[in-house]
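# Commentary on secondary and tertiary structure
Okay, here's what each chain looks like letter by letter:
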Amino acid sequence: MTDSQPYTRDETEAERIDRNFGEQLQELRIAQAGVQILFAFLLTIPFQQRFTILTDLQRNIYVFTLLAAAVSVVVFTAPVAMHRTLFRDGLKDFIVTYTDRLMSVGLFTLGVGIIGGVVLVLDVLMSHTAAFWVGGALLALGLALWVGVPMAHKGKARERLEARTESGVPTS
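A brief report on the enclosed structure follows. As a convention, each chain's residues are numbered from 1 in the sequence order in which they are written. In keeping with the model being predicted, local features are shown solely for residues with a pLDDT of at least 70 and side-chain atom pairs are shown and tallied solely at 80 or more, while totals for entire chains, interfaces and linings include all residues. As a rule here, side-chain values cover all heavy atoms of the structure and leave hydrogens and water aside.

### Overview of the side chain of Gln32
The numbering of helices and of strands both runs from the N terminus, where a helix is a DSSP run of H or I of at least 4 residues and a strand a run of E of at least 2. Along the chain, Gln32 turns up in helix H1 (residues 13–44). The buried category is assigned to Gln32, whose relative accessible area is 16%. Between N or O atoms, a polar contact is any pair within 3.5 Å; within protein, one atom must be a potential hydrogen donor and the other a potential acceptor, and residues adjacent in sequence are included only when both atoms are from side chains. In this structure the side chain of Gln32 is engaged in a polar contact, spanning 2.7 Å, whose partner is the backbone oxygen of Phe76. Residue contacts are defined here by distance: any two heavy atoms, one from each residue, within 4.5 Å place the two residues in contact. When residues no more than four places from it in sequence are discounted, the contact partners of Gln32 are Phe76, Thr77 and Val80. Using a 1.4 Å probe on the protein chains alone, a residue whose accessible area is under 20% of its type maximum counts as buried, one over 50% counts as exposed, and one in between counts as partly exposed.

Written out as C-alpha cells, the structure is:
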C-alpha cells in the first residue's frame, strides 16, 4: 500500500460484518490448535514420575500455566458457543465485537501459558535464573511481535487516514 493508492473496500455493513466474522474464525482456528496442544501437554504432566520432585516454585508455575491455558481454551471456544446460541437472532455485529474482545484475552492467556510452560521446563532442566531469563526474552519477543509491531502500524495507518481526510481525499 502506498499513500497514493489507499486500500479501500466497496462493501455494505452486513458484508463487512460477515467478512470480519470469517476472518475471526480463521484466526481462532489457528490459536485453538496451539492452545489445545499446550493444554493437553499440561494436563499430562502431573502423571509423570518426576512431577513429585518439583519444588514449590515449580508447582506454582505449573498451576499458573495450567490455569492460563484453561482460560485460553474457554475463551477461544466461547465465540463458537455464542454463535451457536445466537444463530439467526440478527446479532452478528455483537458476536463480531465480543469475539474481538475474547480473542485479545485469549491471546494474552495463551502467551502466559506458552511462557509459563517454557519457564517450567527450563527450570526443571537448568536453573531458576536461566528459566526466568529465557521467559523474559520470550515475553519481550511476544510483546514486540503481538503488540509492538501491530500498534506501530496502526498508528501509521491512522496518521495516513487523518492526512487523507484533511486533504479531502474520500475514505471508506
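### Description of helix H2 (residues 56–86)
In this analysis, the expected span of each helix is defined as 1.5 Å times one less than the number of residues it contains. A rise of 1.5 Å per residue sets the reference length of H2, with its 31 residues, at 45 Å; its end C-alpha atoms lie 44 Å apart and thus fit the reference within 8%. Of the residues trailing H2, Arg88 is marked for its positive phi of about 65 degrees.

### A short note on the packing of H2 against helix H3 (residues 92–125)
The relative placement of two packed helices is expressed as an angle between their axes plus a distance between the axes. Angular values range over 0 to 180 degrees, each being the angle between N-to-C directions of two axes fitted as lines to C-alpha atoms, with helices fitted over their stretch in contact. Where H2 contacts H3, the two axes come as close as 8 Å, and the packing angle between them is 160 degrees. By the criterion of interaxial angle, the relationship of H2 to H3 is roughly antiparallel. When the axes of H2 and H3 are compared, the crossing they make is left-handed. As a working rule, the residues Ala, Val, Leu, Ile, Met, Phe, Trp, Tyr, Cys and Pro are called nonpolar, Asp, Glu, Lys and Arg charged, and the rest polar, with Gly in that last group. Residues belonging to the contact of H2 with H3 are distributed by class as follows: 23 nonpolar, ten polar and one charged. Between 65 and 115 degrees an angle is taken as roughly perpendicular, under 35 as roughly parallel, over 145 as roughly antiparallel, and anywhere else as oblique. By convention the crossing between two helices is left-handed if the near helix lies anticlockwise of the far one by an angle smaller than a right angle, and right-handed if it lies clockwise.

### Concerning the packing of aromatic side chains
Pairs were defined over the aromatic rings of Phe, Tyr and Trp, the Trp ring being its six-membered one, requiring ring centres within 6.5 Å. Orientation was assigned from the angle between planes: stacked under 30 degrees, edge-to-face over 60, tilted for the rest. In this structure the tally under the stated criterion is two aromatic pairs. On the basis of an interplanar angle of 75 degrees and a centroid distance of 5.3 Å, the ring pair of Phe51 and Tyr62 is categorised as edge-to-face. Of the two residues, Phe51 is situated in the loop between H1 and H2 and Tyr62 in helix H2; the sequence distance between them amounts to eleven residues. Phe51 sits in the buried class, given a relative accessible area of 13%. On the numbers, 5.5 Å between centres and 15 degrees between planes, the contact of Phe94 with Tyr98 is stacked.

### Overview of the side chain of His83
Of note, His83 is situated in helix H2. Setting aside residues up to four positions removed in sequence, His83 forms contacts with Phe21 and Ile95.

### Regarding the pattern of salt bridges
Salt-bridge detection follows one rule: a side-chain nitrogen of Lys or Arg within 4 Å of a carboxyl oxygen of Asp or Glu. This model, assessed by the stated rule, comprises three salt bridges. Where Glu13 meets Arg16, a salt bridge forms, and the shortest distance between an N and an O atom there is 2.3 Å. Note that Glu13 and Arg16 are positioned in helix H1 at a spacing of three residues, about one turn of the helix. Here Arg16 falls in the partly exposed class, since its relative accessible area comes to 31%.

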